[in-house]
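Letter by letter, the chains look like this.
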Amino acid sequence: DRQLGKFYGNGVSGRYLNCRLENIDPRWLGPGQPGIEYNLTFFADDPYWYAESATSSNEAFTSSPHAWSHTNSGDVAVYPVITITTGATTSFANLTFTNLTTVKAWTFAGTIAAATSLVVDPSQFTIVNNGTSDPNSFTGTLLSQFVKGSNSLSIAGTIIGANGGTVNKNYRQRFYGPAFT
């Protein structure tokens, strides 16, 4: 069983490829030539290179509806983890998150209690409210993506309390290849 690993291309790009080792083919170089030559074969599970560092940004959410834009500087669309965190004395209910650029939306029909978070993670297909799985309160498309370039985003719902909260977007930019320096 080969383990999934990260291949870092030219070693200086700041990007990696998710892949797994498929085969190791050693070859002795022969008499008078000390050493062994290895042929390594890898299989990439997806065709994209990923930024080594995650992109993460917060947007204050103190009034509803709230709209803003976010730029995905990668080469292709990404599926961000969206974390909505309430303030110390604020709760949210019946939230709808929309990417107006792609016309994709999801709604969380439950309540996010004060000083807790809702985490929507498309890569894991999970909706977690205050540490507890809560898929029954979720409708819409879990696979909301940020396309390359500017994305117009909106969040709307009931804000109960005075100090609002934040919307965090977290993902790794995806690229068609390594960066060459």
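Attention here is on the structure that accompanies the text. (Residues numbered from 1 in each chain as written. Predicted model: local features only at pLDDT ≥ 70, side-chain atom pairs only at ≥ 80, totals over all residues. Heavy atoms only, no water.)

### A few points about the overall build of the protein
Note the threshold: Secondary structure is summarised from DSSP: a helix means a run of H or I of at least four residues, a strand means a run of E of at least two, and numbering begins at the N terminus for each. Throughout, the radius of gyration refers to the C-alpha atoms, and the reference size of a globule is 2.2 Å times the residue count to the power 0.38. Contact criterion: two residues are considered in contact whenever any of their non-hydrogen atoms come within 4.5 Å of each other. Here the accessible surface of atoms and residues is derived via Shrake-Rupley with a 1.4 Å probe, and residues count as covered only by protein chains that are part of the display. Neither His nor the chain ends contribute to the count of charged residues, in which Lys and Arg are positive and Asp and Glu negative. Charge placement uses NZ in Lys and CZ in Arg. For Asp and Glu, CG and CD serve respectively.
Assigned secondary structure in the protein consists of zero helices and 15 strands. For 181 residues, the compact-globule estimate of 2.2 N^0.38 gives 16 Å, and the protein exceeds it by more than 25% at 22 Å. Overall, the protein is about 80 × 35 × 25 Å in size when its C-alpha atoms are taken along their principal axes. Here the contacts in the protein between residues at least 6 apart in sequence split such that 70% fall between residues at least 24 apart. Looking at the protein as shown, the accessible area adds up to about 9,800 Å², and 52% of this sits on carbon and sulfur atoms. Charged side chains in the protein number 10 positive and 11 negative. The centres of these two groups are separated by 5 Å.

### A word on the nonpolar core
Keep this limit in mind: Buried Ala, Val, Leu, Ile, Met, Phe, Trp, Tyr and Cys residues form a nonpolar core when they are joined through side-chain atoms within 4.5 Å. Only protein chains enter the area calculation, which uses a 1.4 Å probe; residues under 20% of their type maximum are buried, those over 50% are exposed, and those in between are partly exposed.
Among the nonpolar cores identified, the biggest contains 21 residues, and Ile 84, Phe 97, Trp 106, Leu 118 and Val 167 are the most heavily contacted of them. Looking at this core, the elements with two or more residues in it are strand S6 (81-86), strand S7 (91-99), strand S8 (104-112), strand S9 (117-121), strand S13 (149-160) and strand S14 (165-171). Setting aside anything within four residues of it in sequence, one finds Leu 118 in contact with Ile 82, Thr 83, Ile 84, Trp 106, Phe 108, Ile 112, Ile 127, Val 128 and Asn 129.

### Thoughts on the side chain of Lys 169
Our working definition: Any carboxyl oxygen of Asp or Glu that lies within 4 Å of a side-chain nitrogen of Lys or Arg is treated as forming a salt bridge with it.
For Lys 169, the location among the structural elements is in strand S14. This buried residue, Lys 169, is left without a salt bridge; Glu 59 holds the nearest opposite charge, at 4.8 Å. Aside from chain neighbours lying at most four places away, what touches Lys 169 is Thr 55, Ser 56, Ser 57, Asn 58, Glu 59, Trp 68, His 70, Val 81, Ile 82, Phe 146 and Leu 153.

### A few points about the pattern of salt bridges
Counted according to the given criterion, the structure contains three salt bridges. Between Glu 37 and Arg 27 there is a salt bridge; the shortest N-O distance is 3.0 Å. In this pair, Glu 37 sits in strand S3 (residues 36-51) while Arg 27 sits in strand S2 (residues 15-28), placing the two residues ten residues apart along the sequence. Sharing partners across several salt bridges, the network here consists of Arg 20, Glu 22 and Asp 45.

### Describing unusual backbone geometry
Of the consecutive residues Ser 64 and Pro 65, the connecting peptide bond is found in the cis state with omega at 0°. Considering the arrangement of structural elements, one finds Pro 65 in the loop between strand S4 (55-61) and strand S5 (66-72). Backbone geometry places Asn 94, a non-glycine residue, at a positive phi of 50°. Relative to the assigned elements, Asn 94 resides in strand S7.

### Focus on the packing of aromatic side chains
Counted only if it meets this: For Phe, Tyr and Trp, where Trp contributes only its six-membered ring, two rings pair if their centres lie within 6.5 Å, and the inter-plane angle classes them as stacked under 30 degrees, edge-to-face over 60, or tilted in between.
Summed over all chains, the structure comprises seven aromatic pairs. Their ring planes at 50° and their centres at 6.2 Å tell us that Tyr 48 and Tyr 176 sit as a pair that is tilted. With Tyr 48 in strand S3 and Tyr 176 in the segment after strand S15 (174-175), this pair connects stretches of sequence that are 128 residues apart. Relative accessible area serves as the criterion here: at 57%, Tyr 176 is assigned to the exposed category. Summarising the aromatic geometry, the rings of Phe 97 and Trp 106 are spaced 5.5 Å apart at their centres and angled 20° between planes, so their arrangement reads as stacked. The class of Trp 106 is buried, set by a relative accessible area of 2%.

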